[in-house]
Amino acid sequence: QVQLVESGGGLVQPGGSLRLSCAASGRTFGYYNIAWFRQAPGKEREFVAGINWSGSHTNYGDSVKGRFTISRDNAKRTMDLQMNSLKPEDTAIYYCAARPYTTTIYYNARDYTYWGQGTQVTVSS
């Protein structure tokens, strides 16, 4: 089992950057695929980025490709999301999620078993 806690959200101006972190508890963190999702008011939860258990493979949602970078450190049991060139439409609650490792990085929130409580990101001038 894995417990996840996000941090690093806040208010940033358009064009700015933020780095979100997700800290995990549990000895088997390295055996889980990890992802970031986000949910804006009135919208469905959206896949942002995912990374496989070893960190060798990543995937990104179309709206964040080239701007966001996902990474993980299994020794520290952490996962980060570096967000650059932020836009107002990036405003949402961001969640980290985990599922037992597979060769595929899943895009659907239903495929993830463990979730953090979320951290708010607001992009506004």
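Cut-offs used in this document
Residues numbered from 1 in each chain as written. Predicted model: local features only at pLDDT ≥ 70, side-chain atom pairs only at ≥ 80, totals over all residues. Heavy atoms only, no water. Helix = DSSP H or I, 4+ residues; strand = E, 2+ residues; numbered from the N terminus. Buried < 20%, exposed > 50% of the residue type's maximum accessible area, 1.4 Å probe, protein only. Contact = heavy atoms within 4.5 Å. Pairing = 2+ DSSP bridges. Axes fitted to C-alpha atoms, helices over the stretch in contact; angles between N-to-C directions. Core = buried A, V, L, I, M, F, W, Y, C linked by side-chain atoms within 4.5 Å.

K.L.:
I'd like a rundown of the environment of S125, residues and numbers included.
P.N.:
Along the polypeptide, S125 turns up in the segment after β11 (119-123). Measuring from C-alpha to C-alpha, the distance between S125 and L11 comes to 9.1 Å, with 114 residues separating the pair along the chain.

K.L.:
Can you tell me about the environment of P14, naming the residues and giving the values?
P.N.:
Residue placement: P14 occurs in the loop between β2 (10-12) and β3 (18-25). Since its relative accessible area comes to 40%, P14 is described here as partly exposed. For the pair P14 and S124, spaced 110 residues apart in sequence, the C-alpha to C-alpha distance is 6.0 Å. Residue contacts for P14: discarding those within four places in its chain leaves L86, P88, V123, S124 and S125.

K.L.:
Please provide a residue-by-residue account of the sheet that holds strand β8 (residues 78-83), values included.
P.N.:
Within the open sheet, the 4 strands sit side by side as β1-β3-β8-β7. Their pairing is antiparallel. Only two strands of the sheet have a single partner each, and these edge strands are β1 (3-7) and β7 (68-73). Between one strand and the next, the sheet's axes are offset by a mean angle of 15 degrees, whatever the strand orientation. Bridge count for β3 against β8 is 6 bridges, and the pairing is antiparallel.

K.L.:
Kindly report on unusual backbone geometry, identifying the contributing residues and their values.
P.N.:
Residues other than glycine seldom take positive phi values, yet R77 does so here, at roughly 60 degrees. Note on placement: R77 falls in the loop between β7 and β8. A positive phi angle, close to 50 degrees, is found at S85, a residue other than glycine.

K.L.:
Can you tell me about the nonpolar core, naming the residues and giving the values?
P.N.:
Burial of nonpolar side chains together is a common tendency in soluble globular proteins. W36, L81, M83 and Y94 are the most contacted members of the largest nonpolar core, which totals 30 residues. Of all the secondary-structure elements, those providing two or more residues to this core are β3, β4 (32-39), β5 (46-51), β7, β8, β9 (92-100) and β11. The residues contacting Y94, other than those within four sequence positions of it, are E6, L20, W36, F37, R38, V48, F68, L81, M83, G118, T119 and V121. The next biggest cluster of nonpolar side chains, apart from the first, holds 6 residues, and it includes F37, F47, I105 and Y112.

Honestly, that's just the spatial picture; any functional story needs more than this.
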